[in-house]
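Observations on the model geometry
One-letter residues, chain by chain:
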Amino acid sequence: MKAVVFHGPHDLRLDEIPMPQPGAGEVRVRPLAAGICGTDTHILHGEFPSARPVVLGHEIAGTVDEVGAGVKDIREGDLVTVEPHVFCTTCRYCRGGQEHLCYDKRAFGVHLNGGLAEAVVVPVRTVYKLPPGIDARTGSMAEPVACCIHGMDRLAPRSGCPLLIIGAGPAGLILTRLAKLAGAAPLVVSEPNAQRRASALAGGADHAVDPSAP
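My aim in this report is to walk through the structure given alongside it, one point at a time. Everything numeric here is computed off the predicted structure, so don't read it as measured data. (Residues numbered from 1 in each chain as written. Predicted model: local features only at pLDDT ≥ 70, side-chain atom pairs only at ≥ 80, totals over all residues. Heavy atoms only, no water.)

Section: the layout of surface pockets
- If you add up the space inside the largest pocket, you get close to 750 Å³.
- Considering the residues around the largest pocket, the lining is formed by 30 residues, among which Glu 83, Pro 84, His 85, Glu 143 and Cys 147 are closest to the centre.
- Considering each element in turn, the lining of the largest pocket owes the most residues, seven residues, to helix H4 (residues 142-155).
- By residue class, the composition of the lining of the largest pocket is 15 nonpolar, nine polar and six charged. (1 Å grid on protein atoms, 1.4 Å probe; cavity = no way out; pocket = protein on both sides within 12 Å on 5 of 7 lines; lining within 4 Å. Points joined across faces, edges and corners; volume = space filled by probe spheres on them. Helix = DSSP H or I, 4+ residues; strand = E, 2+ residues; numbered from the N terminus. Nonpolar A, V, L, I, M, F, W, Y, C, P; charged D, E, K, R; others polar.)

Examining the sheet that holds strand E1 (residues 2-8)
- Here three strands make up an open sheet; going across it, the order is E2-E1-E4 and the pairing antiparallel. The sheet terminates laterally at strand E2 (11-16) and strand E4 (54-55), the two strands that pair on one side only. (Pairing = 2+ DSSP bridges.)

Some details on unusual backbone geometry
- Omega for the bond connecting Arg 52 with Pro 53 falls within 30 degrees of zero, at 0 degrees, which places this linkage in the cis form.
- If you trace the backbone, Pro 53 turns up in the loop between helix H1 (38-44) and E4.
- Geometrically, the link from Ala 185 to Pro 186 is a cis peptide bond, its omega value of -10 degrees lying close to zero.
- Relative to the helices and strands, Pro 186 is located in the loop between helix H5 (170-181) and strand E12 (187-190).
- Within the chain, His 10 stands out as a residue other than glycine whose phi angle is a positive 60 degrees.
- As for its position among the elements, His 10 is in the loop between E1 and E2.
- A residue is classified by how much of its surface remains accessible, and His 10, at 59% relative accessible area, is exposed.
- At Ala 156, a position not held by glycine, the phi torsion is positive, near 50 degrees. (Buried < 20%, exposed > 50% of the residue type's maximum accessible area, 1.4 Å probe, protein only.)

Description of the sheet that holds strand E10 (residues 127-129)
- As summarised here, the arrangement of the five strands in space is E9-E3-E5-E6-E10, forming an open sheet in which the pairing is antiparallel. Two strands in the sheet have a free side with no partner beyond their single neighbour: strand E9 (120-123) and E10. Averaged over all neighbouring strand pairs, the angle between strand axes comes to 45 degrees, with direction disregarded.
- Bridge count for strand E6 (residues 79-82) against E10 is three bridges, and the pairing is antiparallel. Paired with Val 80 across the bridge in E10 is Lys 129. (Axes fitted to C-alpha atoms, helices over the stretch in contact; angles between N-to-C directions.)

By themselves these figures say nothing about function.
Here is the structure:
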């Protein structure tokens, strides 16, 4: 199958690699949409540690085309998105519900082959069915949206409280919309790019300011 493979800084290739086969407790997903994260660009420039070679892509959605032994709740044909990390499940952090601190945490598209390929095999416990009516492009944004929702949960802003969001890239724009829905006011976005400032205003920001302006 064809895959986008990172071989080293500034060395990204479209390679032919073996089709992966799901083992017990795994499923094979055929990606229909994949996001390009800032992490991917940092990997490409040698600014973020990763395996080499490795198939990039950790923001994915696609259809399941094969399931391994023991898989019950996911079926062939399901449209799914994928949690991009796998955890050991046995260290003290995993046992305490803090999987993000796992000693052996690994990520698809960083340490494990990711979704910029014709297929990717992942543990079924990292797979989530997408609701009816959600298309693959929207589904591939599940991970960054989840990160932003987690940030809002941690911040827990009260309705009517002012909020400043620094940066109006994809994550900043998602946060802008979530903050608007939470009732933050005034909602201010700081962003040097004029087009992104316009997007922030369209997404609900009360003010969008250029931090580089005198």
